[in-house]
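Residues per chain, in single letters:
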Amino acid sequence: MPKGFDAGDTAFVLISAALVMLMTPGLAFFYGGMVRVKSVLNMLMMSFISLGIVSILWVAYGYTIAFGDDTGAGLLGNLDFLGMKGITGTTLSGSIPVFAFAAFQLMFAIITPALISGALADRAKFSAWMLFTALWVSIVYFPVAHWVWQSGGWIFKLGVKDFAGGTAVHINAGMAGLGALLVLGKRVGFKKDPMRPHSLPLVMLGSGLLWFGWFGFNAGSALAANGTAGVAFFNTQVATGAAMIGWLAYERVKHGAFTSLGAASGAVAGLVAITPACAAVNTWGAIGIGVIAGAVCAWAVGLKYRLGYDDSLDVVGVHAVGGMIGTLLIGVFDATDGLTAGAGFSQLGKQAVGAFAVAAYSLTVSWILAKGIDLTIGFRATEDEEVSGIDQAFHAETAYDFASVGGSVARTAPPAAAGTTAPAPVAKKSEVDA
Amino acid sequence: MPKGFDAGDTAFVLISAALVMLMTPGLAFFYGGMVRVKSVLNMLMMSFISLGIVSILWVAYGYTIAFGDDTGAGLLGNLDFLGMKGITGTTLSGSIPVFAFAAFQLMFAIITPALISGALADRAKFSAWMLFTALWVSIVYFPVAHWVWQSGGWIFKLGVKDFAGGTAVHINAGMAGLGALLVLGKRVGFKKDPMRPHSLPLVMLGSGLLWFGWFGFNAGSALAANGTAGVAFFNTQVATGAAMIGWLAYERVKHGAFTSLGAASGAVAGLVAITPACAAVNTWGAIGIGVIAGAVCAWAVGLKYRLGYDDSLDVVGVHAVGGMIGTLLIGVFDATDGLTAGAGFSQLGKQAVGAFAVAAYSLTVSWILAKGIDLTIGFRATEDEEVSGIDQAFHAETAYDFASVGGSVARTAPPAAAGTTAPAPVAKKSEVDA
Amino acid sequence: MPKGFDAGDTAFVLISAALVMLMTPGLAFFYGGMVRVKSVLNMLMMSFISLGIVSILWVAYGYTIAFGDDTGAGLLGNLDFLGMKGITGTTLSGSIPVFAFAAFQLMFAIITPALISGALADRAKFSAWMLFTALWVSIVYFPVAHWVWQSGGWIFKLGVKDFAGGTAVHINAGMAGLGALLVLGKRVGFKKDPMRPHSLPLVMLGSGLLWFGWFGFNAGSALAANGTAGVAFFNTQVATGAAMIGWLAYERVKHGAFTSLGAASGAVAGLVAITPACAAVNTWGAIGIGVIAGAVCAWAVGLKYRLGYDDSLDVVGVHAVGGMIGTLLIGVFDATDGLTAGAGFSQLGKQAVGAFAVAAYSLTVSWILAKGIDLTIGFRATEDEEVSGIDQAFHAETAYDFASVGGSVARTAPPAAAGTTAPAPVAKKSEVDA
Amino acid sequence: MKLVTAVIKPHRLDDVKEALQSFGVHGLTVTEASGYGRQRGHTEVYRGAEYTVDLVPKVRIEVLVEDDDADGLIDVVVKAARTGKIGDGKVWAVPVETAVRVRTGERGPDAL
Amino acid sequence: MKLVTAVIKPHRLDDVKEALQSFGVHGLTVTEASGYGRQRGHTEVYRGAEYTVDLVPKVRIEVLVEDDDADGLIDVVVKAARTGKIGDGKVWAVPVETAVRVRTGERGPDAL
Amino acid sequence: MKLVTAVIKPHRLDDVKEALQSFGVHGLTVTEASGYGRQRGHTEVYRGAEYTVDLVPKVRIEVLVEDDDADGLIDVVVKAARTGKIGDGKVWAVPVETAVRVRTGERGPDAL
Ligand SMILES: Nc1ncnc2c1ncn2[C@@H]1O[C@H](COP(=O)(O)OP(=O)(O)O)[C@@H](O)[C@H]1O
Ligand SMILES: Nc1ncnc2c1ncn2[C@@H]1O[C@H](COP(=O)(O)OP(=O)(O)O)[C@@H](O)[C@H]1O
Ligand SMILES: Nc1ncnc2c1ncn2[C@@H]1O[C@H](COP(=O)(O)OP(=O)(O)O)[C@@H](O)[C@H]1O
């Protein structure tokens, strides 16, 4: 390998990339457990599909838009690496192979659109969602990643700190969720029907995998197995623990119970908030960010009932709000440039500019994209599809069949049919139970 | 540590070994979710038990048969390392401790027989399965691993490329599944009863863990945290994403729906196909292999209905076919020796020889082993056991009990009995519900 | 980074820390699957909450009590690192950043109290449990970790070997479970009602994640990616596989079936037993420890029925007994100091002293703590809460809702209420179904 | 007394409960059920195998009422459960000879 | 009208449905149930504790029929559900006073 | 014959089964159910939304008996199911015209 290469760093980034990859299934379970039994699979698929779509777009043009040298204006990378052109196993980025770096960053590009899906639970047409994912990463994520992380990006040059993606990932996804849900509207029965999570153990599994994978996300963002990675790792753990406590404390006071959904949600809120800050603050700063994020997000998820927008699984309340908290609190707790370090308001101001710029861009473009899709191919499922469940409507499946031994509640189409080439019709919608 | 040792490589291989270990539980859930509720546990156990049986055989003689110096004919390793004799913490294999290498390779030996179990869902006697596992790894897997990977193995010497196990693992397991299922025959109700997956979220969990662990499987096969590992990692991700898309596209055209089982299956098909090729092809070659594997395997799983063999969870359709695709397409897409690199058909020919040799050996020996077991202790559960569920019959358990608060649908035997030493009888078969 | 730093070791320990973190959710699922459906969430929460509470206490004073320089008597660390004072990204511990070491050790401090919770399933007040966790890690775990692992600790100085925590973690947690359960008493219906696991796949998931994470626990305890790590890793795998076989063999003889719960439990028993010994014994010693631990623990879990204490999920039978077996068998199988190495009984004697000292301390102090909590705020749920399920009572949630498409078995409180600030009452206990 | 049983679409349950409450009936028993009838069901796809799932989720409600209330109650249920689409379900009544409240042992109309 | 209820082995459900279809009955309601009877159940083992599970999975079918069809329908069900082994279940009929189709409000035989 | 149906608290099931056994009844059919009545249910909290879950888990037991045994059996069930707290449930009996044992085709009392 060329000079400057380090096997320890490479091992660390590759394994971190694997951990970040696992976050997308983790997110799928986190979200999937929260929906009703009739739309579990759709929820899982909205995350999983991103592993397919974004991987291909990343190779085609995503990597070069995000991490190609800046074209000059700080807005986009040039197209030198179109189709991963010119990159081989021995091309380095810092002390690691470019392919390790590109794989690591790809995992971020995959999970970001998946995060959005929580805002649209139970009611999005799956084909429209696939189109939205493809367009959104292309027009929103790839450029924003360039702004924030590429050394020529305008937000990076401004001096905004976003170590692992509070702005580029969480504010971005959270506001995109808001933009899209404003187009789709409320679920049938919002504020009226109970819509309790169909499997909280699945939610806990998701949050456990997210927490685990997030060490790759945050510590891996050091792009080397060094002291910064150590700090980022430690801060991630303590902030997340503190956020879980913060959320549970809020719930205990407000509703009289420590819920498991609160524990899982608090952990995720903490992970979100510490993401931009994990390498910038000291241990107590991390705990502070955690507690604040936990309690504030616990409050913020209630806003949808008061303001009347149906952010089904609280993408705004957790990711936009949590990402904001982390991004802005860097201005407060940064070990060198923060208010508490006596460095004044300058960093806080920069953080605010970065955060609000990305928020505004993402909200606007996401709304336009969603509206465009809705006006053309239609974004929202029909009421019949929604009431009888979009797992049946778009995936022709049912999540569970616990029916007892031996018998069954179904009959096979003559399986010979399965071998013929004529496409067999899926349930005509009019015949579906509503 | 001795000279040549590298901590970065060691870290990478050890963690990769852990990731590969997780694939066996991952596979258990992938398969377990697909069966009916009455045989979940058996399906899980068929994978888990491999973690026990193969670990012990590996120590006893597996490692030395597979990775001992060749005895001369290219067929078997010598017995120098019988019982891991002579290996200590400071013995190296390349830049890493032999124990790291041996642990990594052990995980491959564990998952390969577990893969076979999908072909036998719902109807194999568990004790017979344990015996089959022990015999099969001894007579088939250990030698084949030697042929393919040890520098003195005949397939290796032929110049066949199999970076991470398309031939040694997937074709091998797939054809073994075919051999065994031909002996066991069809499930009661095959082609007639619906046998839909009892838990698709469990299937998705399995596929998520498999995908995650597979980075250890493929990138870890570089046995060093280097550029090759980076390439293998990146290719694994993009091929798998592409395969998921390929399978879903096939399904959408053929059946009108994007199923979650299709997404999970497509991902696994892609992982299988890219396994041998991940270090040999460039990025677009990987995407090509992925799309092709996804679509072809989606078609191949329908063959069992037309040809009438009951490959319950499609071990042939996914692992044999997917492994074939990846192994042969190296001949096409290999960056230096492939058709598209202008190197002619030579590599393709070698790949075909390796693939078909292993396929033929595995099919034949597996059939003989299964037949032998069936004729002696019996391989197949009785019809009563099968209809009432083999979880009850062989494991004396039920997978789930969601019965409501407080009461229950069961009564304890006087627990005092649990402390006595006389073996208590498990349900007499005649009394079991059929 | 300062001289002596190694990126490979750092990568290894950081990823190992992430693996150990995942063990706590893994444990939650292992335990959660074993309880009845009415207390799943409580079981999960008893583990998850530790991720919050212990992280904060660790920063505050845990790290310095456990790993600060000894104050002289071998009992406690000094308070030099109170609040992680003076530690930065470049402070090293051996070849890795202190923050990496502190994060790794934190994960041990988190899982140890979580292990205890299995003894108290279905009947502990959650607020009391939180208090117990906080007090127990402070008064028991932090000091004991110091005794066993800090070079000035009295047990360490005695020459007791405990590579990864057989004594400090497992005997400690197991005996604490015994102490606490003696205070809480038996579950309503113990020995009378069937209390079968509500989801064995969840148990298997937990055991799979535990097994995976345990490689970080054991191999990571080398604190470097070296030959010792390789040995520890390999021994962990083979001992665990052997223990699974040992447990299943016992069950087959005694009860006529190979249960999946037995496979999962045997694996955990093996992991527990090999923990202290993984770097001290050779491969066959590891297999021996595994088989013995599997079979003996399979027998030991039946003791509760004979002796009449309700160790609900067998924390004593698996962790105390398994930890004892591993700790003592070092005296037998240690490659240099063991009986089988011809080194006489000296090491065995030391191991026994260490094991029994920690057992006695933990049992006594845990009983006192539990009793104190019970006498003040009350440790045990009321009978009504227990019978109707503590998920409802303390978490105001239900684990699953598989009710069919469309309708539901519940009604929402006017969601406006969710936005108001007045705390709404949780179910009055008298109205709860019993 | 009569036992009125209604098999209805699951998402009508809340409205039926409310309607019964207004009607003055304060207790009922619910079970999950599946229905087979004119309403067709749907097709599912698993790895190329297509299944016709011809059982549709329903909810089954049982209400004990005094003889005189039976007809009124049936009307109330039918009205609250109706969506007008195929598969709305059935309501039927059978005669009951004895009814007892377990808690008190009260018999007949007092047991309701 | 009559309400015929059948408690049968789960794996006979498909055959019973088909037999009823041929008999001319096009609707029925199914619930999952557990049965306790001559048929014994089985033993389960959890960490050394052995449980006798004496409830066996059954399926419960309800069919409303006109009076004249009741006996024929019972015969059809009994025949289709029979395996000849213990635990095949029971079929019984009770008189129904009213039956209504929710969708249309039709009463009596027209409601079926 | 009569069909006695009991809706009881789930944790009383074992005692009821035992009591029936002593009474000489050796078969019954159980379904899971939910009850709505005087007994209130409870509140659940999900991310700040509070739900009143007003359906409480119950178990529904059906027993076919000869006419003469019905009253005695009802008494036995009521006694075994009673806890004395709200929500203990109901027991009722309806007349049965035919009962058949599927396995043998036996009819009437012999079918039980
Ligand atoms: N003869 C019957 N006996 C018992 N239940 C029936 C009968 N016919 C229909 N049902 C129930 O009523 C439901 C609705 O019947 P269906 O024929 O689909 O629509 P509709 O009642 O609107 O004509 C079915 O799903 C089934 O549960
Ligand atoms: N007296 C009864 N009342 C209601 N259901 C009964 C009664 N006896 C039996 N059953 C139901 O019939 C099923 C079969 O009864 P069982 O005695 O096991 O076999 P068989 O009917 O073949 O003699 C039982 O599982 C139960 O569901
Ligand atoms: N009118 C009714 N018809 C059918 N079932 C009823 C009726 N009233 C009550 N139940 C059932 O009886 C159960 C207990 O009733 P509830 O009013 O809570 O207490 P209690 O019977 O002790 O007064 C309910 O949960 C429900 O299942």
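Here is what the cut-offs are and how they apply
Residues numbered from 1 in each chain as written. Chains lettered and ligands numbered in written order. Predicted model: local features only at pLDDT ≥ 70, side-chain atom pairs only at ≥ 80, totals over all residues. Heavy atoms only, no water. Helix = DSSP H or I, 4+ residues; strand = E, 2+ residues; numbered from the N terminus. Rg over C-alpha atoms; globule rule 2.2 N^0.38 Å. Buried < 20%, exposed > 50% of the residue type's maximum accessible area, 1.4 Å probe, protein only. Contact = heavy atoms within 4.5 Å. Areas by Shrake-Rupley, 256 points an atom, 1.4 Å probe, with all protein chains shown as cover. Lys, Arg positive; Asp, Glu negative; His and termini not counted. Charge placed at Lys NZ, Arg CZ, Asp CG, Glu CD. Buried area = accessible area lost by both parts, 1.4 Å probe. Salt bridge = Lys/Arg side-chain N within 4 Å of Asp/Glu carboxyl O. Near = heavy atom within 4 Å. Polar contact = N/O pair within 3.5 Å; in protein donor to acceptor, adjacent residues only side chain to side chain. Nonpolar A, V, L, I, M, F, W, Y, C, P; charged D, E, K, R; others polar. Phe/Tyr/Trp six-rings, centres within 6.5 Å; stacked < 30°, edge-to-face > 60°. Disulfide = S-S within 2.5 Å. Axes fitted to C-alpha atoms, helices over the stretch in contact; angles between N-to-C directions. Left-handed = near helix turned anticlockwise from the far one by under 90°. Patch = residues over 30% accessible without salt bridge, like charges linked within 9 Å, V, L, I, M, F, W, Y side chains within 5 Å. Expected span 1.5 Å × (residues − 1). Least-squares fit on C-alpha atoms with pLDDT ≥ 70 in both.

## Looking at the overall build of chain A
Regarding its fold elements, chain A presents 16 helices and 3 strands. Relative to the globule expectation of 22 Å for 434 residues, the C-alpha radius of gyration of chain A, 22 Å, shows essentially globular dimensions. Structurally, chain A occupies a C-alpha span of about 65 × 55 × 45 Å along its principal axes. Taken over 434 residues, chain A has a buried fraction of 72%. Pairs at least 24 residues apart make up 77% of the contacts formed inside chain A by residues separated by at least 6 positions. Carbon and sulfur atoms provide 66% of the accessible area of chain A, an area that totals close to 11,000 Å². Looking at charge distribution, chain A has the averaged site of its 23 positive side-chain charges lying 6 Å from that of its 24 negative ones.

## Thoughts on the interface of chain F and chain A
It is common to report an interface's size as the accessible area lost on association of the parts. Each side of the interface is counted separately: chain F has 9 residues, and chain A has 18 residues. Taking both partners together, chain F and chain A bury about 1,100 Å²; carbon and sulfur atoms supply 58% of that area. Per-residue buried area on chain F facing chain A is highest for Tyr46(F), Arg47(F) and Tyr51(F); these three make up 67% of the total on that side. Counting every contact that joins chain F to chain A gives 2 salt bridges.

## Here's the deal with the environment of Asp14(F)
Inspection of the secondary structure assignment puts Asp14(F) in helix α1 (residues 13–23). C-alpha of Asp14(F) to C-alpha of Glu62(F): the two residues are 48 residues apart in sequence and 14 Å apart in space.

## Concerning the site of ligand 1
The environment of ligand 1 is formed by 20 residues, the closest being Arg38(D), Thr29(E), Leu64(E), Arg101(E) and Arg103(E). Around ligand 1, the neighbouring residues derive from chains D and E rather than from a single chain. At a separation of 2.6 Å, an oxygen atom of ligand 1 approaches a polar side-chain atom of Arg103(E). Compared with its free state, where it exposes 550 Å², ligand 1 has 98% of that area covered by protein. Residue assignment for the shell around ligand 1 shows that the elements contributing at least two residues are β2 (28–36) of chain D together with β2 (28–36) and β5 (56–65) of chain E. Broken down by element, the shell around ligand 1 gets its largest block of residues, 3 residues, from β5(E). Looking at the shell around ligand 1 residue by residue, the class counts come to 6 nonpolar, 7 polar and 7 charged.

## A few points about the site of ligand 3
Around ligand 3 sit 20 residues, and of these Thr29(D), Leu64(D), Arg101(D), Arg103(D) and Arg38(F) come closest. More than one chain reaches ligand 3: the nearby residues come from chains D and F. At 2.7 Å from an oxygen atom of ligand 3 is found a main-chain nitrogen or oxygen belonging to Arg38(F). A distance of 3.4 Å separates an oxygen atom of ligand 3 from a polar atom in the backbone of Asp88(F). Summarising the interface, the protein chains cover 98% of the accessible area of ligand 3, which totals 550 Å² for the free molecule. Taken together, the elements giving at least two residues each to the shell around ligand 3 come down to β2 and β5 (56–65) of chain D together with β2 (28–36) and β6 (89–95) of chain F. In terms of residue count, β5(D) provides more of the shell around ligand 3 than any other element does, 3 residues in total. Class assignment of the residues belonging to the shell around ligand 3 gives a composition of 6 nonpolar, 7 polar and 7 charged.

## Concerning the interface of chain C and chain A
On the chain A side, the residues contacting the 68 residues of chain C number 61 residues. Regarding the contact of chain C and chain A, the summed buried area is about 5,200 Å², with carbon and sulfur atoms giving 76% of it. Across the chain C-chain A interface, the total number found is 1 salt bridge. Taking the shortest distance from any N to any O, the salt bridge between Asp401(C) and Arg196(A) comes out at 3.0 Å. Counting the contacts that link chain C with chain A gives 9 residue pairs in polar contact (both at pLDDT 80 or more). Secondary-structure elements contributing two or more residues to the side of chain C that touches chain A are α1 (7–34), α2 (40–67), α3 (98–116), α4 (126–149), α7 (200–219), α15 (390–395), β3 (411–412) and α16 (416–419) of chain C. A per-element tally of the side of chain C that touches chain A places α2(C) first, with 14 residues. For the side of chain C that touches chain A, the per-class residue count stands at 51 nonpolar, 14 polar and 3 charged.

## So, the packing of aromatic side chains
Inspection of every chain in the model, using the stated rule, returns 83 aromatic pairs over all chains. Here the aromatic rings of Phe212(A) and Phe212(C) are separated by 6.1 Å at their centres, their planes lie at 85 degrees, and the arrangement is edge-to-face. Note that Phe212(A) is positioned in helix α7 (residues 200–219) and Phe212(C) in helix α7, a pairing that runs across two chains. Phe212(C) shares its class with Phe212(A); the two are buried.

## Some points on the pairing of strand β3 (residues 42–46) of chain F
Buried residues dominate β3(F), accounting for 5 of its 5 residues. Taking every second residue as pointing to the same face, both faces of β3(F) are buried, with His42(F), Glu44(F) and Tyr46(F) on one and Thr43(F) and Val45(F) on the other.

## Things to note about the pattern of salt bridges
Under the definition given, this model contains 66 salt bridges over all chains. The residue Lys161(A) makes a salt bridge to Asp334(A) at a minimum N-O spacing of 2.9 Å. In this pair, Lys161(A) sits in the loop between α5 (154–158) and α6 (166–184) while Asp334(A) sits in the loop between α12 (315–333) and α13 (346–376), placing the two residues 173 residues apart along the sequence. Given a relative accessible area of 25%, Lys161(A) falls into the partly exposed group. Residues Lys161(C) and Asp337(C) are paired through a salt bridge, measuring 2.9 Å at the closest nitrogen-oxygen approach. Taken together, the positions of Lys161(C) in the loop between α5 (154–158) and α6 (166–184) and Asp337(C) in the loop between α12 (315–333) and α13 (346–376) put the pair 176 residues apart, joining distant regions of the chain.

## As for the state of the cysteines
All names here are of chain A. Within the structure shown, the criterion is met by 0 disulfides over all chains. With no disulfide of its own, Cys278 has Cys297 as its nearest cysteine by sulfur position, at a separation of 17 Å. The exposure class of Cys278 is buried, given its relative accessible area of 0%.

## Looking at the environment of Trp149(C)
All names here are of chain C. Mapping Trp149 onto the fold places it in helix α4. A relative accessible area of 16% places Trp149 in the buried class. Along the backbone, Trp149 and Ala164 are 15 residues apart, and their C-alpha atoms lie at a distance of 9.1 Å. For Trp149, the contacting residues outside a window of four places in its chain are Phe67, Gln105, Phe108, Tyr141, Phe156, Asp162, Phe163, Ala164, Gly165, Ala168 and Val169. Here the side chain of Trp149 touches Asp162 through a polar contact of 2.7 Å, landing on its backbone oxygen.

## Some thoughts on the packing of helix α10 (residues 283–300) of chain C against α12(C)
Helix packing for two helices is described by the angle between their axes and how far apart those axes are. Residue and element names in this part refer to chain C. Here α10 crosses α12 at 145 degrees, and the two axes come no closer than 9 Å. For the pair α10 and α12, the sense of crossing is right-handed. Between α10 and α12, the contacting residues are Gly285, Ile289, Ile292, Ala293, Val296, Cys297 and Ala300 on the first element and Gly317, Val318, Val321, Gly322, Ile325, Leu329 and Phe333 on the second. Of the residues in the contact of α10 with α12, the class split is 11 nonpolar, 3 polar and no charged.

## So, a negative patch on the surface
All names here are of chain D. There is a patch of like negative charges on the surface, built from Glu66, Asp68, Asp69 and Asp110. Among the secondary structure elements, Asp110 is positioned in the segment after β7 (98–101). Taking relative accessible area as the criterion, Asp110 reaches 52% and is therefore assigned exposed.

## Overview of helix α2 (residues 70–81) of chain F
For α2(F), which comprises 12 residues, the first-to-last C-alpha distance of 16 Å matches the rise-based estimate of 16 Å (1.5 Å per residue) to within 8%. Within α2(F), the full set of buried residues consists of Ala70(F), Leu73(F), Ile74(F), Val77(F), Val78(F), Ala80(F) and Ala81(F). Looking at the packing, one finds that the buried side of α2(F) touches β7 of chain D together with β1 (2–8), α1, β5 (56–65) and β6 of chain F.

## A look at the relation of the copies chain C and chain A
Between the two chain copies there is a screw-like relation: a rotation about an axis and a shift along it. Turning chain C through 120 degrees and shifting it by 0.0 Å along the axis lays it on chain A, with an RMSD of 0.0 Å. Look at the turn and shift together and you get a three-fold axis relating the two. Of every C-alpha in chain C, the one belonging to Gly8(C) sits nearest the axis of rotation, 2.2 Å from it. Interface overlap between copies is the fraction of interface residues in one copy that are interface residues in the other; for chain C against chain A it is only 10%, indicating separate surfaces.

## Let's talk about a nonpolar patch on the surface
Residues and elements named next belong to chain B. A cluster of nonpolar side chains, Leu131, Leu135, Ile139 and Ile377, forms an exposed patch at the surface whose accessible area comes to about 280 Å². Along the polypeptide, Leu131 turns up in helix α4 (residues 126–149). Residue classification places Leu131 among the partly exposed residues on the basis of a relative accessible area of 35%.

Function cannot be inferred from these measures alone, as they are strictly geometric.
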